[in-house]
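What follows is the residue order along each chain.
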Amino acid sequence: MEDAYTLTLEDKESHFQELHLNFCGHSVCYPDNSIGPSAHPCYILHYILSGKGEYRVDGRTYSLEQNQGFLIEPNVMSSYKADHDNPWTYLWIGFEGTNAKTMLEALGFSHHKVTFSVNCGTELMKIINAMLESDAEGMEQELFLQSQMFRFFSFLSHELSTDSNIFQRDKQNYYVRAAQRYIYTHYSEDIKIQDIADAAGISRSYLTILFQTILHVSPSDYLTDFRLTRAHEQLQITDLPIGKIAENCGYQNPLVFTRAFKKKIGSTPSAFRSAIREERKIKMDQVRKRK
């Protein structure tokens, strides 16, 4: 159970279809009080004022406490439960609209990032109380609630600036990982940097910026290094002809492969293979002498 204080507007038609309030409130929960599993028709943001609890969605469980919060997405099954020893008190705001998803993404939320941490509980609670205590009616009430809702998001936006930077880095890392996966599975083909950028879903210039920023190497050099690393391995563990290894590693011209290999390793592929075999022969001879 919980002691809840709620304002509900779901039965009223809003003049603000882009983004509007559906309901808001705050609750003092009893130990182990749980809601769900259930799906809700709109977005709901919960913010924990005190205590602890758990939020479960898509097989993930988040243990949350004071100054943290969670987002419930529309039509997504989820549940949340107050802690047994230190049950949470929280506030919430439910909203929807054609621009709701875009605004949440701008704040750093996504389907895979549904929790947050901010330290503006006092301000958020004042806004919720102002909504609950409003005695205005009609359009005056709707405009007042809209203004308070935007104040709510304004405080979140200010506090979430750091989280948004983290989200941006995660997004950048995602693009880099997508590019790397494409290289790992297609390096033996005649791929171009544009092909890698297309696979990651970004422009070639942005791909270059991300590789230089995160990996400190250009996409071209990364592809070359990966191909030559594979060639290095094949020269050691196979008896394949040099030309075949070059082809396996994405080089259509064996001479181009030889020049690239020598520049990176310091010797030609054939000289490298001969040196490796000679080294192994010496070691085998030494083992035989010990016996």
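Before reading on, note that the structure itself is shown above.
Parameters and conventions
Residues numbered from 1 in each chain as written. Predicted model: local features only at pLDDT ≥ 70, side-chain atom pairs only at ≥ 80, totals over all residues. Heavy atoms only, no water. Helix = DSSP H or I, 4+ residues; strand = E, 2+ residues; numbered from the N terminus. Rg over C-alpha atoms; globule rule 2.2 N^0.38 Å. Buried < 20%, exposed > 50% of the residue type's maximum accessible area, 1.4 Å probe, protein only. Core = buried A, V, L, I, M, F, W, Y, C linked by side-chain atoms within 4.5 Å. Contact = heavy atoms within 4.5 Å. Pairing = 2+ DSSP bridges. Axes fitted to C-alpha atoms, helices over the stretch in contact; angles between N-to-C directions. Phe/Tyr/Trp six-rings, centres within 6.5 Å; stacked < 30°, edge-to-face > 60°. Lys NZ or Arg CZ within 6 Å of the ring centre and 35° of its normal.

Visitor: What am I meant to see in the overall build of the protein chain here?
Guide: Broken down by element type, the protein chain carries 10 helices and 10 strands. Relative to the 2.2 N^0.38 estimate, which gives 19 Å for 291 residues, the radius of gyration of the protein chain is 29 Å and therefore markedly larger than a compact globule would have. Seen along its three principal axes, the alpha-carbon backbone of the protein chain occupies a region of about 95 × 50 × 30 Å. Considering the protein chain as a whole, with its 291 residues, one finds that 42% of them fall into the buried category.

Visitor: Would you mind going over the nonpolar core with me for this structure?
Guide: Across soluble globular proteins, you tend to see nonpolar side chains buried next to one another. Residues Phe95 and Met131 are the most contacted members of the largest nonpolar core, which totals 49 residues. Once residues within four sequence positions are removed from consideration, Met131 is found in contact with Leu7, Leu21, Cys24, Ile93, Phe144, Leu145, Gln148 and Met149. Formed by 32 residues, the second largest nonpolar core is a distinct cluster that contains Leu210, Val217, Ala231 and Phe257.

Visitor: Looking at this structure, how should I read the sheet that holds strand E8 (residues 78-82)?
Guide: Strand order across the open sheet formed by 4 strands is E3-E8-E5-E6, with antiparallel pairing between neighbours. Edge strands, defined here as strands with exactly one partner in the open sheet, are strand E3 (34-38) and strand E6 (60-65). Averaged over all adjacent pairs, the angle separating strand axes in this sheet is 15°, with direction ignored. Bridge count for E3 against E8 is 3 bridges, and the pairing is antiparallel. Following the sheet pairing, Ser34 is matched in E8 by Lys81.

Visitor: What is the right way to read the packing of aromatic side chains from this model?
Guide: The relative placement of two aromatic rings is captured by the distance of their centres and the angle of their planes. Overall, the coordinates contain 20 aromatic pairs when judged by the stated rule. On the basis of an interplanar angle of 75° and a centroid distance of 6.1 Å, the ring pair of Tyr90 and Trp92 is categorised as edge-to-face. With a centroid separation of 5.9 Å and 90° between ring planes, the pair formed by Phe152 and Phe153 is classed as edge-to-face. For Phe152, a relative accessible area of 2% translates into the label buried. Under the relative-accessibility criterion, Phe153 is labelled buried at 4%. Taken together, Tyr55, Tyr62, Phe70, Tyr80, Trp88, Tyr90 and Trp92 form an aromatic cluster joined through their ring pairs. Between Lys113 and the ring centre of Phe109, over which it is positioned, the NZ or CZ distance is 5.9 Å. Of note, Arg230 hangs over the ring of Phe226, and the distance from its end group to the ring centre comes to 4.6 Å.

Function cannot be inferred from these measures alone, as they are strictly geometric.
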